[in-house]
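Understanding the architecture of this molecule
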Amino acid sequence: MSGIFNYINRESVIHRMSGATKLIVLILWSLAAMTSFDTRFLALLPILAFILFGLSKIRFSDVKFLLWFTFVFMVLNNLLIYIFSPEHGVTIYGSRTVILEGYGRWTLTAEQLFYHLNVVLKYLATIPVVILFVSTTDPSEFASSLSKIGINYKVAYSVSLALRYIPDIQREFHDIMISQQARGLEMASKKQNIIKRLKNASAMLFPLIISSMDRIEVIANAMELRGFGKHKKRSWYSERPFRAPDYTAIIFVCLLMAISLTLNFINGGRYFNPFIG
Amino acid sequence: MNKKSPITVFVAIGIGAALFFVLGRFVAIPSPVPNTNISLQYGLLAFMAALFGPLAGALIAFIGHALIDFSYGWGVWWSWVIASAVAGLIMGLGTKKISIEKSFGKKEICVFNITQVVAHLIAWGVVAPVLDILIYAEPANKVFTQGLVGGISNIVTTAIVGTLLAIAFSAAKPKTGSLKKEA
């Protein structure tokens, strides 16, 4: 399972924290970064995230692949934004400072560049925290964390079931794919058109669906026999109690959220506008 | 949808999310527009939602999609995760009246597909782009184009994969009264 989610087990303050704390930090941090478009605040978040990275003893080389992936994605998205709306910054900031006339409607304005800077900062503000969460939280602790922050334990248990059965289903799908290919069914062949490929894909999916339905029945019966869902609450084997670092982290992220909301208020909107002279 | 025990529904959510994850993460065929894939998982989602109802549809999509985003590490795109959940919810609501375990004939195929088209149009044509504009302040024409491309490819995928799965599944289920007393 650690193979899918890049969990790296090291000895650090962040690793010792409860999974629930990390989940709260992740959610509030993402919310803070989502609501604000204040450039100064968005620039502060990546710096804080890098400090957290230092604390967690996760090295750059551990997550190099993920960062590379993100980088490509970010460049593509920025390109698309520019192609579709080269003067989006002008509409947001309400002024127009042309740097280069460019070709046709694709001009280059200071406002557009500033808007792109904000988009990039938004990536840098949110993605390191997600990577940090994934690499420092044991997936088996995830369900207990969900239940601790107040989500119905049956839903939390569904998440835990999903995590438990992903490797099994992956292996099964692989086996089915190979045996169907041996019978002449192709799914990724370039020679076939997309409709044909989708039809073949359904033929590969069907055995997987049937065996999954059996699985659902067997697991549901086993759980029902053990009285699952009888009580309002349940306990979790992998739950960690809150300690001082947990409380510190939660207070800290609440402060971030408060700053984000206050800035919205002070700026009279979500944007920090340096073009008002 | 037939009445299912609540435990079965929660187990189905777990297994469904795992299936959604595996299809979305390892079998995706990327399309040129970022964030959008020719993704088989929506065919599966429509099928599961029709079988286990709206709550299962919404949660399978939400959990499955969030796990995919977590595993890629490109950040969780909540706007798209929520749109997926809305799609699953509508697919479950629209197919409440039909039971694909009993039969999946012309009428059921129509209901199933009209529902999935509506679900995808609302999810990718409205929910995802509007949330993208609200959260990331992205240009409207860009997000609506992305949504439309993603939505149409999902509609085609669901129409073929979802319908074929449901037909095969209902044919494989023994029907009531299919046993005959021997003379």
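What counts, and where the lines are drawn
- Note on numbering: residues in each chain are counted from 1, in written sequence order.
- To read the labels, note that chains go from A and ligands from 1, taken in the order they are written.
- Local features are withheld for residues below a pLDDT of 70 in this predicted model, meaning they are given only at 70 or higher, and side-chain atom pairs are given and counted only at 80 or more; totals for whole chains, interfaces and linings count all residues.
- In computing side-chain properties, one takes all heavy atoms of the structure into account and sets aside hydrogens as well as water.
- Under the DSSP-based scheme used, a helix requires at least four consecutive residues in state H or I and a strand at least two consecutive residues in state E, with every element numbered from the N terminus.
- Only C-alpha atoms enter the radius of gyration; for comparison, a globular chain is expected to reach 2.2 Å times N to the power 0.38, where N is the number of residues.
- Any pair of residues with heavy atoms lying within 4.5 Å of one another is described as a contacting pair.
- Here a polar contact is taken to be a pair of N or O atoms separated by no more than 3.5 Å, where protein atoms must pair a possible hydrogen donor with a possible acceptor and residues adjacent in sequence count only if both atoms sit in side chains.
- UniProt positions are given in the numbering used here, feature names are shortened, and annotations may be inferred rather than shown by experiment.
- Multiplying one less than the number of residues by 1.5 Å gives the expected span of a helix.
- Exposure is judged per residue with a 1.4 Å probe applied to protein chains only, and the accessible area is read against the type maximum: over 50% gives exposed, under 20% gives buried, and values in between give partly exposed.
- Only the contacting stretch of a helix is used when fitting its axis, a line to C-alpha atoms as for every element, and angles between N-to-C directions run 0 to 180 degrees.
- With respect to orientation, any angle under 35 degrees is reported as roughly parallel, any angle over 145 as roughly antiparallel, any angle of 65 to 115 as roughly perpendicular, and every other angle as oblique.
- Under the convention adopted here, Pro, Cys and the residues Ala, Val, Leu, Ile, Met, Phe, Trp and Tyr are nonpolar, Asp, Glu, Lys and Arg are charged, and Gly plus all remaining residues are polar.
- Summed over both partners, the accessible surface that disappears when two parts come together, traced with a 1.4 Å probe, is what is meant by buried area.
- We define a salt bridge as a side-chain nitrogen of Lys or Arg found within 4 Å of a carboxyl oxygen belonging to Asp or Glu.

Quick look at the overall build of chain B
Each helix and strand in chain B was counted, giving 6 helices and 2 strands. Sequence-ordered secondary structure for chain B, helices as α and strands as β, is α-β-β-α-α-α-α-α. Computed over its C-alpha atoms, the radius of gyration of chain B comes to 17 Å, within 12% of the 16 Å expected for a compact globule of 183 residues. C-alpha atoms of chain B, sized along the principal axes, occupy 70 × 30 × 25 Å.

Some words on the environment of His15(A)
Residues and elements named next belong to chain A. Mapped onto the elements, His15 comes out in helix 2 (residues 13-16). Ignoring any residue separated from it by four or fewer positions in sequence, one finds His15 in contact with Tyr7, Ile8, Asn9, Arg10, Lys22, Ser56, Ile58, Ser135, Thr136 and Arg240. Only 3.4 Å separates the side chain of His15 from the backbone nitrogen of Arg10, close enough to count as a polar contact.

Notes on the UniProt feature "transmembrane region" (unreviewed entry) in chain A
UniProt's entry tags residues 26-53, 65-84, 113-134 and 247-266 of chain A with the feature "transmembrane region" (unreviewed entry), counted in the numbering of this structure. For residues 247-266 of chain A, helix accounts for 100% and strand for 0%, while the C-alpha atoms at its two ends are 28 Å apart.

A look at helix 4 (residues 39-56) of chain A
Residues and elements named next belong to chain A. Compared with the 26 Å implied by 1.5 Å per residue over 18 residues, the 26 Å span of helix 4 between its first and last C-alpha is a close match. Regarding helix 4, the residues found buried are Thr39, Phe41, Leu42, Leu45, Pro46, Leu48, Ala49, Leu52, Phe53 and Ser56. Of the surrounding secondary structure, the elements contacted by the buried residues of helix 4 are helix 2, helix 3 (19-35), helix 7 (110-136) and helix 11 (244-266). A positive backbone phi angle near 60 degrees is found at Lys57, which sits one or two residues after helix 4.

So, the packing of helix 3 of chain A against helix 7 of chain A
Residues and elements named next belong to chain A. In contact at an axis separation of 10 Å, helix 3 and helix 7 are set at 170 degrees when each is read in the N-to-C sense. In terms of orientation, helix 3 lies roughly antiparallel with respect to helix 7. In this structure, helix 3 uses Gly19, Lys22, Leu23, Leu26, Trp29, Ser30, Ala33 and Met34 to contact helix 7, whose residues at the interface are Lys122, Ala125, Thr126, Val129, Val130, Phe133 and Thr136. Across the contact of helix 3 with helix 7, the residue classes break down as 9 nonpolar, 4 polar and 2 charged.

Considering the interface of chain A and chain B
In this complex, chain A contributes 61 residues to the contact, which on the side of chain B involves 59 residues. Of the roughly 5,300 Å² buried between chain A and chain B on both sides combined, carbon and sulfur atoms contribute 84%. Seen at the junction of chain A and chain B, the total is 0 salt bridges. Across the contact surface, chain A and chain B share 7 residue pairs in polar contact (both at pLDDT 80 or more). Among the elements that line the side of chain A that touches chain B, the one with the most residues is helix 10 (residues 194-225) of chain A, at 19 residues.

Describing the environment of Thr145(B)
All names here are of chain B. Structurally, Thr145 can be placed in helix 6 (residues 140-172). Its relative accessible area of 31% is what places Thr145 among the partly exposed residues. On a C-alpha basis, the gap between Thr145 and Pro129 in space is 8.9 Å, while along the polypeptide they are 16 residues apart.

Notes on the pattern of salt bridges
For the structure on display, the rule yields 10 salt bridges over all chains. The salt bridge involving Arg96(A) is made with Glu87(A); its shortest N-O contact spans 2.7 Å. Put simply, Lys142(B) and Glu138(B) hold a salt bridge, and the shortest N to O gap is 2.6 Å. An identical accessibility class is assigned to Lys142(B) and Glu138(B); each is buried. The network of salt bridges with common partners includes Arg164(A), Asp168(A), Arg171(A), Glu172(A) and Arg215(A).

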